[in-house]
Protein chains: 2
Amino acid sequence: MISGANVSDPVFILVRPQLAENVGTAARAMMNCCIGEMRLVDPDEDHLCDRALAASSGAEEILQNAKVFQTLKEAVEDLQKVYATTGRSRDMIKPVLTGQGMAKEIEADRRTGIKCGVLFGPERTGLENDDLVYADAIVNIPLNPKHCSLNLAQAVLLAGYEIFRLSDTTADKYLSMPNTEPANKAETEHLFDHLEQELENAGYFKSPEKRPRMMRNLRNIFMRAELTSQDVRTLHGVIADLARR
Amino acid sequence: MISGANVSDPVFILVRPQLAENVGTAARAMMNCCIGEMRLVDPDEDHLCDRALAASSGAEEILQNAKVFQTLKEAVEDLQKVYATTGRSRDMIKPVLTGQGMAKEIEADRRTGIKCGVLFGPERTGLENDDLVYADAIVNIPLNPKHCSLNLAQAVLLAGYEIFRLSDTTADKYLSMPNTEPANKAETEHLFDHLEQELENAGYFKSPEKRPRMMRNLRNIFMRAELTSQDVRTLHGVIADLARR
């Protein structure tokens, strides 16, 4: 379990994975998304072999803590809810979730203390109908309908990403401002005064009646730039040097 | 350009990619997300070599239509907006977007007819500061802060997925019902009547005052199952056969 994980975090269960490298890259994708607990059902290769460890690039901890089960039935025994990822539609009456739909349910599971798991099928064939009998819901991540096949690690990444994303609180957009902060209105007004003064000295305002509009246009350019205090100082220097010339 | 693409769809620009396989898997991820136009800046290897084509598993069209440029400056000339993906924070005053923030801006770009592109850096180093000068905004996809490194195709997949996801209209959750539909209330009431009658015949209701609660509990079990017409027919058969015994 990676640091910060708790018992009601979802477990990711790789069912009959074929290649050790893919188990390793799946562990890496899980680590990217803070999903700490991996289970393996009847894997074809040793998940602790060199190829798997190398492919995990730093997520060895997840491989080392992974539990191996002989059957899917044993792997899900302690779980209260099971989601099964599949790219194919099935001839079954079962709830189908998008990635986001799954993430929302898992978040609700977490809040109510329900222990849940997400199943991923073998590389070549995906999950079989006999695997899906253990699933409460199918997860079908919407993608290009004409080209929706994903490799194992990519499926793990998208499912994990949806779960991570739902609890992430990063602002959709912000201004990166190392060692500075947004200029206040006094600073920007002072800059515009400086600019206007130097433009007047330079004879930029040919017609007095157009002057207000010309200044509005210039103000709009700089206001769209969301100037920081550092930017304002930079621009004072630029104006002063251009004017001196 | 893949079918359904139009001129204001974003282009994905791989800057100095090192391995042809990674260009191929990036093309596959683009195809998954309906991103049709790839550009390459000074790639180390031929993007049409066998290794690239094999890795694209079905997205050869994107590789064949990809344009190669000697410099990033040339590759972005016709674009009106450029987003740059990077996992590292930078000592620059620049807008920073999450994957979702980028997708929202790109959707707004699309609606206003603005042609935009998304930059992805070389595998080993990512984009350099000299590349970022062409970017209007930096895209930093939130992931486990202690383990956020992604390979090229995974970065392309997450960026493409956010863009695809925003325009996708699949319901978060629905019931897959091949050849049937949700039972109406007449069908479910008839089922509950059948069940209650056979339970009465079987002597299930020991105490008359508890009978209403027992039936409510049974109704709740079956109502949570969101029965279809097919399910109702199945359950009538189960009740009849159990009762006959």
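Quick notes on the rules
- Residues numbered from 1 in each chain as written.
- Chains lettered and ligands numbered in written order.
- Predicted model: local features only at pLDDT ≥ 70, side-chain atom pairs only at ≥ 80, totals over all residues.
- Heavy atoms only, no water.
- Helix = DSSP H or I, 4+ residues; strand = E, 2+ residues; numbered from the N terminus.
- Rg over C-alpha atoms; globule rule 2.2 N^0.38 Å.
- Contact = heavy atoms within 4.5 Å.
- Lys, Arg positive; Asp, Glu negative; His and termini not counted.
- Charge placed at Lys NZ, Arg CZ, Asp CG, Glu CD.
- Core = buried A, V, L, I, M, F, W, Y, C linked by side-chain atoms within 4.5 Å.
- Buried < 20%, exposed > 50% of the residue type's maximum accessible area, 1.4 Å probe, protein only.
- Expected span 1.5 Å × (residues − 1).
- Salt bridge = Lys/Arg side-chain N within 4 Å of Asp/Glu carboxyl O.
- Pairing = 2+ DSSP bridges.
- Axes fitted to C-alpha atoms, helices over the stretch in contact; angles between N-to-C directions.
- Least-squares fit on C-alpha atoms with pLDDT ≥ 70 in both.
- Domains from an automatic or database assignment.

S.K.: How would you explain the overall build of chain A if you had to name every residue and give the values?
M.R.: What chain A contains, in helices and strands, is 10 helices and eight strands. For a compact globule of 245 residues, the expected C-alpha radius of gyration is about 18 Å, and chain A comes in at 28 Å, more than 25% above that figure. If one aligns the C-alpha atoms of chain A with their principal axes, the spans along those axes are about 85 × 40 × 35 Å. Summarising the internal contacts of chain A: among those between residues at least 6 apart in sequence, 82% fall at separations of at least 24. With 29 positive and 36 negative side-chain charges, chain A shows a separation of 9 Å between the mean positions of the two kinds.

S.K.: Any chance you could break down the nonpolar core for me, citing the residues and the numbers?
M.R.: Counting 80 residues, the largest nonpolar core has Met38(A) and Met38(B) as the members making the most contacts within it. With residues near it in sequence (within four places) discarded, Met38(A) still touches Phe12(A), Leu14(A), Val23(A), Ala26(A), Ala27(A), Met30(A), Ile62(A), Leu63(A), Ala66(A) and Lys67(A).

S.K.: So what about helix H5 (residues 99-111) of chain B? Which residues, and what values?
M.R.: Residue and element names in this part refer to chain B. Between the first and last C-alpha of H5 there are 18 Å, a value that for 13 residues agrees with the 18 Å anticipated at 1.5 Å per step. Taken together, the buried positions of H5 are occupied by Gly99, Gly101, Met102, Ala103, Glu105, Ile106, Glu107 and Asp109. Note on H5: the residue one or two positions beyond its end, Gly113, has a positive phi of about 75°.

S.K.: Kindly report on unusual backbone geometry, identifying the contributing residues and their values.
M.R.: In the Ramachandran plot, Cys34(A) falls in the positive-phi region, its phi being about 60° despite a non-glycine side chain. Structurally, Cys34(A) is set in the loop between helix H1 (20-32) and strand E2 (37-41). With a phi close to 25°, Ser57(B) is a non-glycine residue in the positive phi region. Classification of Ser57(B) by relative accessible area gives partly exposed; the value is 35%.

S.K.: Before we move on, could you go through the pattern of salt bridges and cite the residues and values that matter?
M.R.: The final tally for this structure, using the stated rule, is 38 salt bridges over all chains. Of the charged contacts, one joins Glu162(A) and Arg165(B) as a salt bridge, the two residues approaching to 2.6 Å between their closest N and O atoms. Here the residue Glu162(A) occupies a position in helix H7 (residues 152-167), and Arg165(B) occupies one in helix H7 (residues 152-167), the pair thus bridging two chains. Arg165(B) carries the same exposure label as Glu162(A), and that label is buried. One salt bridge connects Arg211(A) with Glu200(A), and the closest N-O pair in it is separated by 2.7 Å.

S.K.: Account for the sheet that holds strand E1 (residues 11-15) of chain A, naming residues and giving values.
M.R.: A sheet is described by the order of its strands in space; here eight strands give the open sequence E3(A)-E2(A)-E1(A)-E6(A)-E4(A)-E7(A)-E5(A)-E8(B), paired in mixed fashion. Looking at the sheet topology across the chains shown, the edges are occupied by strand E3 (67-69) of chain A together with strand E8 (173-176) of chain B. The average angle at which neighbouring strand axes cross in this sheet is 30°, direction not considered. As paired elements, E1(A) and strand E6 (residues 116-120) of chain A share four bridges and run parallel to each other. Its bridge partner lying in E6(A), Leu14(A) is registered against Phe120(A). Each of E1 and E2 of chain A touches H1(A); the most contacted strand, E2(A), lies at about 155° to it. Across the sheet, helix H5 (residues 99-111) of chain A lies against strand E4 (81-85), strand E5 (94-97), E6 and strand E7 (137-139) of chain A together with E8 of chain B, angled at about 165° from E4(A), the strand it touches most.

S.K.: So what's going on with the relation of the copies chain A and chain B? Residues and values would help.
M.R.: Least-squares fitting of chain A to chain B yields an RMSD of 0.1 Å, with the superposition described by an axial translation of 0.1 Å and a rotation of 180°. The two molecules are tied by a two-fold rotation axis, judged by turn and shift. In this assembly the copies share their binding face: 100% of the residues contributing to the interface of chain A also contribute to that of chain B.

S.K.: Help me get a handle on the sheet that holds strand E5 (residues 94-97) of chain B, residues and values and all.
M.R.: Spatially, the eight strands line up as an open sheet ordered E8(A)-E5(B)-E7(B)-E4(B)-E6(B)-E1(B)-E2(B)-E3(B), and their pairing is mixed. The outermost strands of the open sheet, each flanked by one partner alone, are strand E8 (173-176) of chain A together with strand E3 (67-69) of chain B. If you compare each strand with its neighbour and ignore which way they point, the axes differ by 30° on average. Judged from the four bridges that link them, E8(A) and E5(B) form a sheet pairing that is antiparallel. In the sheet register, Lys173(A) faces E5(B), and the bridge partner there is Leu97(B). Packed onto the sheet, helix H1 (residues 20-32) of chain B meets strand E1 (11-15) and strand E2 (37-41) of chain B and runs at close to 155° relative to E2(B).

S.K.: I'd like a rundown of the domain arrangement of chain A, residues and numbers included.
M.R.: As far as domains go, chain A holds domain 1 (11-165) and domain 2 (185-244). Each of domain 1 of chain A and domain 2 of chain A was reduced to a C-alpha centroid, and the two centroids are 57 Å apart.

S.K.: Kindly report on H1(A), identifying the contributing residues and their values.
M.R.: One full turn of an α-helix is made of 3.6 residues, so residues set three or four places apart face in the same direction. Between the first and last C-alpha of H1(A) there are 19 Å, a value that for 13 residues agrees with the 18 Å anticipated at 1.5 Å per step. A large share of H1(A) lies buried, amounting to 10 of its 13 residues. Of all the positions in H1(A), only Ala20(A), Val23(A), Gly24(A), Ala26(A), Ala27(A), Arg28(A), Ala29(A), Met30(A), Met31(A) and Asn32(A) are classed as buried. In this structure, the buried residues of H1(A) make contact with E1, E2, helix H2 (50-55), helix H3 (60-65) and H7 of chain A together with H7 of chain B. The positive-phi residue at the C-terminal boundary of H1(A) is Cys34(A), with phi of around 60°.

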